[in-house]
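Residue-level structural notes
Listed here are the chains, written in short residue letters.
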Amino acid sequence: MKFIEEELNEVKRHGRHIFLVILSMKDGGCIKLPEAYESKCTVLINGLLKWYSENSSLLNRKWRKDTDIFRSVMTELLLIRTRREAVENIYDVFFSKFRSPEDILRASKEDLEKAVYSLGMRKRVLLLKRAAAYLKEHEIRSPEDIDGLPGAGEYVKSILKLKLFNKGNTAVDRNGARVLFRYFYGYVPDVEKLEKCKEVERIRKECLDFYDDRLTLSYALMDLGYYVCKPRKPECNKCPLKDTCKYARGTL
Ligand code: SF4
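Its place among the elements puts G120 in the loop between α6 (109-116) and α7 (124-137). According to the C-beta neighbour criterion, G120 is exposed, with 12 such atoms within 10 Å. For the pair formed by G120 and R83, sequence separation is 37 residues and the distance between their alpha carbons is 10.0 Å.

If you want it as structure tokens, here you go:
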């Protein structure tokens, strides 16, 4: 993060502030700065948003437009440690059967296990039950109400706060963290530590959270990680960040 610190110091020295101003999403979804302030962070955000605006019709999942609290919470729990395509395959059947927290609580363990069997992860049923119990007991009226949601990690809480209330930090999942690490550091650390490591937290605070539409930015980041910056073989030739990515500069 040395370069971000250096650039922030430079900004402070010149008495300038970082304003990431969205001039027009119609012009390819780019952001433009009020003065000539070019940083790797800005290039990253521009690249992600442009790529997302050009590809979002292919990438958008049906649940992204759905702001129903019960379905949004359940969907994020269904998405944990599985492929999106697997969730898409069961989505309609699952929510036609389970329409409320009460439906989840009433369902037998066997019924729920059967409904989510294809997604894997044995403790998923327990997560769904605990979350349903929380939703039954607590009305979700503010971002703070999300904080107590059992079974939800930082990413799940962040994406729910953004989606339901348009509040909170940029949501960085494991796919997004991989993009950030490769882009800034040129490598990827132990996958288990990826989302929680302090470097990702710093990039989020010092770079991504300056941007207003953090929900779109979160989707762009995680989608690029999912479809392009893949765990084993990143497709750098297809990536909008390849010219400034530290990893790509060492491999292309
Ligand atoms: S250029 Fe390659 S390594 Fe860098 S973010 Fe894109 S896909 Fe990932």
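Let's pick the thread back up.
Turning our eyes to something else, we now look at the nonpolar core. Grouped together as the largest cluster of nonpolar side chains are 58 residues, with contacts concentrated most on L48, L128, L180 and A220. The set of elements that each furnish at least two residues to this core consists of α2 (40-59), α3 (69-79), α6, α7, α9 (154-165), α10 (174-185), α11 (198-206) and α12 (214-227). Taken domain by domain, this core gets at least three of its residues from each of domain 1 (2-61 + 174-251) and domain 2 (65-165). With residues up to four places along the chain from it excluded, the contact list for L48 reads L217, A220, L221 and L224.

Turning our eyes to something else, we now look at the environment of N169. Following the sequence through the fold, N169 ends up in the loop between α9 and α10. On the basis of neighbour counts, which here come to 19 C-beta atoms within 10 Å, the residue N169 falls in the partly exposed class. Each C-alpha atom, one on N169 and one on S218, is 9.2 Å from the other, the two residues being 49 residues apart in sequence. Apart from residues no more than four positions distant in its own chain, N169 is found in contact with S158, R204, D209 and R214.

Reading the values: rules and limits
Residues numbered from 1 in each chain as written. Predicted model: local features only at pLDDT ≥ 70, side-chain atom pairs only at ≥ 80, totals over all residues. Helix = DSSP H or I, 4+ residues; strand = E, 2+ residues; numbered from the N terminus. Buried ≥ 20, exposed ≤ 12 C-beta atoms within 10 Å, placed from the backbone. Core = buried A, V, L, I, M, F, W, Y, C linked by C-beta atoms within 7 Å. Domains from an automatic or database assignment. Contact = placed C-beta atoms within 7 Å.

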